[in-house]
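Inside the fold
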Amino acid sequence: MATLAANVIDDERPAVDERFAMTFAIAMALTVVAGFSFQLAMGRSTFGSPLRVHVHAIAFMGWVALFLAQTWLATRGPLALHRKLGWIAVTWIALMIGAALTVIVMMARNGTVPFFFRPQVFLIGDPLTLIGFAGLTAAAVTMRKRTDWHARLHICGMAALMGPAFGRLLPMPLLAPWSLEIAVAAGAVFPIAGMIRDRRRIGQAHPAWKYGLAVIAAVVVLTDVIGYSPLGGAIYRGVTANSPGATVDPLAFAAPPVSGPVTGR
């Protein structure tokens, strides 16, 4: 049986074949584009949103573009450019986290968390998703010289970030009270597909996929453990103090808006 070590190639390109890597990158990018395009088409998103929403969109769609470009460079393009662009991508993560936290906090403070999420659980779960993504991506960078780990951990990091995209494609109101957890867990489809591919190709699943799945599972579990705890309540009260969000029940679902939800406000 072929070993995982034997799957690393001499020129330091990721130990995944070109078709596999690009298929994953394109599938994930298309999922993101489809989710947010559907949101716009349904009138749940608007270009008239506040500046912070546009910064958030640029930051995260920029990451999708970087992910696609880096996958292509790693498998077919100049590796030197891949490495240089990689350090730009690392700094880009700081922009993503700052932009996302700004939008999350303002939605909680404005009392505009989507009605199919409990506000307190949303306030806890979304930052935990960012932590999971950043942790897996940092691990991928740390393991950049072990290309079999590097490529797979980057895919897992992207998978951990897919909750908002799936949340715009799935019938979220019908999934309550577990809509947030289901949206986050849906990203696991990509590491699972990677495990299946590895088993068929090299006889066993690379352990990187298991770490990715463990992180996604940890985000789901911690979202509920903290989100329904006194600690979660204290965080929510601290964030929403002296704001409209402080007047809503943090563990209750809001009534569906008459005119339809508009996200990111």
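Structure: above.
Rules and cut-offs
Residues numbered from 1 in each chain as written. Predicted model: local features only at pLDDT ≥ 70, side-chain atom pairs only at ≥ 80, totals over all residues. Heavy atoms only, no water. Helix = DSSP H or I, 4+ residues; strand = E, 2+ residues; numbered from the N terminus. Areas by Shrake-Rupley, 256 points an atom, 1.4 Å probe, with all protein chains shown as cover. Phe/Tyr/Trp six-rings, centres within 6.5 Å; stacked < 30°, edge-to-face > 60°. Buried < 20%, exposed > 50% of the residue type's maximum accessible area, 1.4 Å probe, protein only. Lys NZ or Arg CZ within 6 Å of the ring centre and 35° of its normal. 1 Å grid on protein atoms, 1.4 Å probe; cavity = no way out; pocket = protein on both sides within 12 Å on 5 of 7 lines; lining within 4 Å. Points joined across faces, edges and corners; volume = space filled by probe spheres on them. Contact = heavy atoms within 4.5 Å. Axes fitted to C-alpha atoms, helices over the stretch in contact; angles between N-to-C directions. Parallel < 35°, antiparallel > 145°, perpendicular 65-115°, else oblique. Nonpolar A, V, L, I, M, F, W, Y, C, P; charged D, E, K, R; others polar. Expected span 1.5 Å × (residues − 1). Arc of directions from axis to C-beta. Core = buried A, V, L, I, M, F, W, Y, C linked by side-chain atoms within 4.5 Å.

1. Side note on the overall build of the chain
What the chain contains, in helices and strands, is 11 helices and 0 strands. Secondary structure elements of the chain, listed N to C terminal, follow the sequence α-α-α-α-α-α-α-α-α-α-α. As presented, the chain carries roughly 12,800 Å² of accessible surface, and 69% of it is formed by carbon and sulfur atoms.

2. A closer look at the packing of aromatic side chains
By the definition in use, this model includes 10 aromatic pairs. For the pair Phe115 and Phe116, a centre-to-centre distance of 5.1 Å together with 70° between the ring planes defines the contact as edge-to-face. Residue Phe115 is classed as buried on the basis of its relative accessible area, which comes to 16%. A residue is classified by how much of its surface remains accessible, and Phe116, at 13% relative accessible area, is buried. Counting every residue linked through ring pairs, the aromatic cluster contains Phe20, Phe24, Phe166, Phe190 and Trp209. The side chain of Arg197 reaches across the aromatic face of Phe20, ending 4.4 Å from its centre.

3. Remarks on empty space enclosed by the protein
Rolling a probe over the atoms, with the probe sized like a water molecule, indicates the empty space that remains. Throughout the structure, instances matching the rule amount to 1 cavity of 30 Å³ or more. Counted as a void, the largest cavity has a volume near 50 Å³. Every residue along the wall of the largest cavity is listed here: Phe116, Phe117, Arg118, Val121, Pro177, Ser179, Leu180, Glu181, Tyr228 and Phe253. Ranked by residues supplied to the lining of the largest cavity, first place goes to helix H8 (residues 179–186) with 3 residues.

4. Details of unusual backbone geometry
Only a minority of non-glycine residues have a phi that is not negative, and only a minority of peptide bonds are not trans. Residue Ala176 is joined to Pro177 through a cis peptide bond whose omega torsion reads 15°. The topology assignment puts Pro177 in the loop between helix H7 (172–175) and H8. Of note, Asn242 is a non-glycine position whose phi angle comes to about 60°, a positive value. Within the fold, Asn242 resides in the segment after helix H11 (230–240).

5. Focus on the environment of Phe20
The topology assignment puts Phe20 in helix H1 (residues 18–41). When its relative accessible area of 8% is taken as the criterion, Phe20 is described as buried. Residues Phe20 and Gly194, 174 residues apart in the sequence, show an inter-C-alpha distance of 8.9 Å. Phe20 has contacts with Ile155, Gly194, Arg197 and Trp209, leaving out every residue within four places of it along the chain.

6. Re the packing of helix H4 (residues 119–142) against H8
Angle between the axes and distance between the axes: these two values describe a pair of packed helices. Where H4 meets H8, the closest approach of the two axes is 11 Å, and the angle between their N-to-C directions is 10°. It follows that H4 is roughly parallel to H8 by the angle criterion. Across the interface between the two elements, Val121, Phe122, Gly125, Asp126 and Thr129 from H4 touch Leu180, Glu181 and Val184 from H8. Class assignment of the residues belonging to the contact of H4 with H8 gives a composition of 4 nonpolar, 2 polar and 2 charged.

7. Some points on helix H10 (residues 207–227)
Compared with the 30 Å implied by 1.5 Å per residue over 21 residues, the 30 Å span of H10 between its first and last C-alpha is a close match. Listed as buried for H10 are Ala208, Trp209, Gly212, Ile216, Val219, Val220, Thr223 and Gly227. Considered in projection along H10, the buried side chains sweep an arc of 130° and stay on one side of the axis. Facing away from the buried surface of H10 by more than 90 degrees, the exposed residues are Tyr211 and Val225.

8. With respect to the nonpolar core
Ranked by internal contacts, the top residues of the largest apolar core, which has 61 residues, are Met28, Trp63, Met158 and Met162. Of all the elements, helix H3 (residues 79–110) adds the most residues to this core, at 10 residues. Ignoring any residue separated from it by four or fewer positions in sequence, one finds Met28 in contact with Phe67, Ile155, Met158, Ala159, Met162 and Phe190.

9. Description of the packing of H8 against H10
At a minimum axis distance of 9 Å, the contact between H8 and H10 shows a crossing angle of 170°. Here H10 runs roughly antiparallel to H8, going by the angle between their axes. Contacts between H8 and H10 involve Leu180, Glu181, Val184 and Ala185 from the former and Ile216, Val219, Val220, Thr223 and Asp224 from the latter. Each residue belonging to the contact of H8 with H10 can be placed in one class, and the counts come to 6 nonpolar, 1 polar and 2 charged.

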